[in-house]
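If you want the building blocks of each chain, they are given just below.
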Amino acid sequence: SENQSSVDAEHRFWRYEGEKLDKVKSIMQELDPKLHPRLQGAKYESGGKITLHNDALRWVVRPDECSDQFPAGTTVYRKVALIYYLTQDW
């Protein structure tokens, strides 16, 4: 990711940010229109290790995700992180 930093946890997973998340993203946007929602689906692989970390995140708004309130090039910061695990027999 272009937003990776030296404090990122080392882990093995696949990330999805495609259009299948648009409906959920729209619902989240309705909860607070002042926020810039970024949703990701992820699948963790076996053999990956997750080191101690927090889920703080900052990123620069890309042209394909900009709006009047968040023009391309704006730095935004994560305000809320929601993790929903769909792992059998956790």
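Look above for the structure.
Not measured: the values here are computed from a predicted model.

Before going further, it helps to spend a moment on the overall build of the protein chain. Within the protein chain one finds one helix and four strands. In the protein chain, the succession of helices and strands from N to C terminus is β-α-β-β-β. Looking at the protein chain as a whole, 11% of its 90 residues are labelled buried. Intrachain contacts of the protein chain at a sequence separation of at least 6 include 51% that bridge at least 24 residues. For the protein chain, the exposed area adds up to about 8,000 Å²; of that, 52% sits on carbon and sulfur atoms.

Any two side chains of opposite charge can pair, given that their charged atoms come close. Evaluation of the coordinates by the stated rule reveals three salt bridges. In this structure, lysine 34 engages aspartate 32 in a salt bridge whose closest nitrogen and oxygen atoms are separated by 3.2 Å. Note on lysine 34: relative accessible area 57%, which makes it exposed. Between glutamate 65 and arginine 62 there is a salt bridge whose closest N-O contact spans 3.7 Å. For arginine 62, a relative accessible area of 26% corresponds to the partly exposed category. A cluster of three or more residues bridged by salt bridges with shared partners is formed by Arg62, Asp64 and Glu65.

Residue placement: valine 80 occurs in the segment after strand E4 (75-77). Residue valine 80 is classed as exposed on the basis of its relative accessible area, which comes to 62%. A sequence separation of 23 residues divides valine 80 from leucine 57, and the C-alpha atoms of the two residues are 9.8 Å apart.

So, on to a nonpolar patch on the surface. Side chains of Val24, Met28 and Leu31 sit close together on the surface and give an oily, nonpolar patch of about 280 Å² of accessible area. Looking at the secondary structure, you find leucine 31 in helix H1 (residues 22-31).

For glutamate 65, the position within the fold is in the loop between strand E3 (58-60) and E4. When near neighbours in sequence (up to four residues on either side) are disregarded, glutamate 65 contacts His36, Arg38, Trp59 and Val60.

Conventions used here
Residues numbered from 1 in each chain as written. Predicted model: local features only at pLDDT ≥ 70, side-chain atom pairs only at ≥ 80, totals over all residues. Heavy atoms only, no water. Helix = DSSP H or I, 4+ residues; strand = E, 2+ residues; numbered from the N terminus. Buried < 20%, exposed > 50% of the residue type's maximum accessible area, 1.4 Å probe, protein only. Contact = heavy atoms within 4.5 Å. Areas by Shrake-Rupley, 256 points an atom, 1.4 Å probe, with all protein chains shown as cover. Salt bridge = Lys/Arg side-chain N within 4 Å of Asp/Glu carboxyl O. Patch = residues over 30% accessible without salt bridge, like charges linked within 9 Å, V, L, I, M, F, W, Y side chains within 5 Å.

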